[in-house]
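# Analysis of the macromolecular model
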Amino acid sequence: TRRSSDLSPTGAYDGEPVAASDYCPGPVGGDVFEIETTSLDAFTFVDHPLITEECSWEASADGITQQTNAWGNNPGDNTLMGCLALVSDVEYTDFIAEVDSTHRDNDGWGFVFGYNAIDDHYLAITINDIWPSPAADGIGGPFIKIKKHNGRDVLEYMDGTNNCWDTITHVDENGYNLTTMTDVPLEYEIKHPYNVGDDFQ
């Protein structure tokens, strides 16, 4: 997490990384809990439609790992979708989440939140590759995006007229862009912009 005050007017990062708790001390009138990731017991696994293969998850002392190269929307591959690991039996309204992850590929990965159904959830997603090209929302990689599934069907090929995702905000090589959000009970601020060529960890 990085402080918004460390951003230049173009969105470039000018400071040192800080922990989320330095930016948003918590809990804010709520509970704190950690998810056990050395087994699969705490998770429900869901696959996005029209991905290339069934997802497969494993657990180890290092945490849970997705083992396949599943991607979608297949065969168009112009929006990032794939394998979801949902924390089971947890409901929340306001939350602060800190997630440790490691990514050693040039594919997309992200964080799912606000999950109600396969066609009703949010993705905070990133890719360190120049992909998708062309992207369904017109914003190709590398990027960080927050997207909301808008309830439309996932199609093999999508563009701005039939995309099943609404891009709420994004960071790309040009800096950050905050798109107006309406009817969304969510407060957000980009706190992790990056420079092209940076590793994602």
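Here's a quick rundown of the structure. (Residues numbered from 1 in each chain as written. Predicted model: local features only at pLDDT ≥ 70, side-chain atom pairs only at ≥ 80, totals over all residues. Heavy atoms only, no water.)

## Some remarks on the nonpolar core
- Among the nonpolar cores identified, the biggest contains 15 residues, and Leu84 and Leu123 are the most heavily contacted of them.
- Those elements that provide at least two residues to this core are strand S4 (83-87) and strand S6 (120-127).
- Looking at this core, the element that brings in the most residues is S6, giving 3 residues.
- Not counting the four nearest positions on each side in its chain, Leu84 is found in contact with Thr44, Phe45, Val46, His48, Trp57, Val112, Tyr115, Ile118, His121 and Leu123.
- Core analysis: the second largest hydrophobic core is formed by 5 residues, Ile51, Trp57, Ala70 and Cys83 among them. (Core = buried A, V, L, I, M, F, W, Y, C linked by side-chain atoms within 4.5 Å. Buried < 20%, exposed > 50% of the residue type's maximum accessible area, 1.4 Å probe, protein only. Helix = DSSP H or I, 4+ residues; strand = E, 2+ residues; numbered from the N terminus. Contact = heavy atoms within 4.5 Å.)

## Some words on unusual backbone geometry
- Here Gly72 and Asn73 are connected by a cis peptide whose omega angle stands at 5°.
- Residue placement: Asn73 occurs in the loop between strand S3 (63-66) and S4.
- The amide bond that connects Asn74 to the next residue, Pro75, takes the cis arrangement and shows omega of 5°.
- By the element assignment, Pro75 lies in the loop between S3 and S4.

As far as function goes, none of this settles anything; it's purely spatial.
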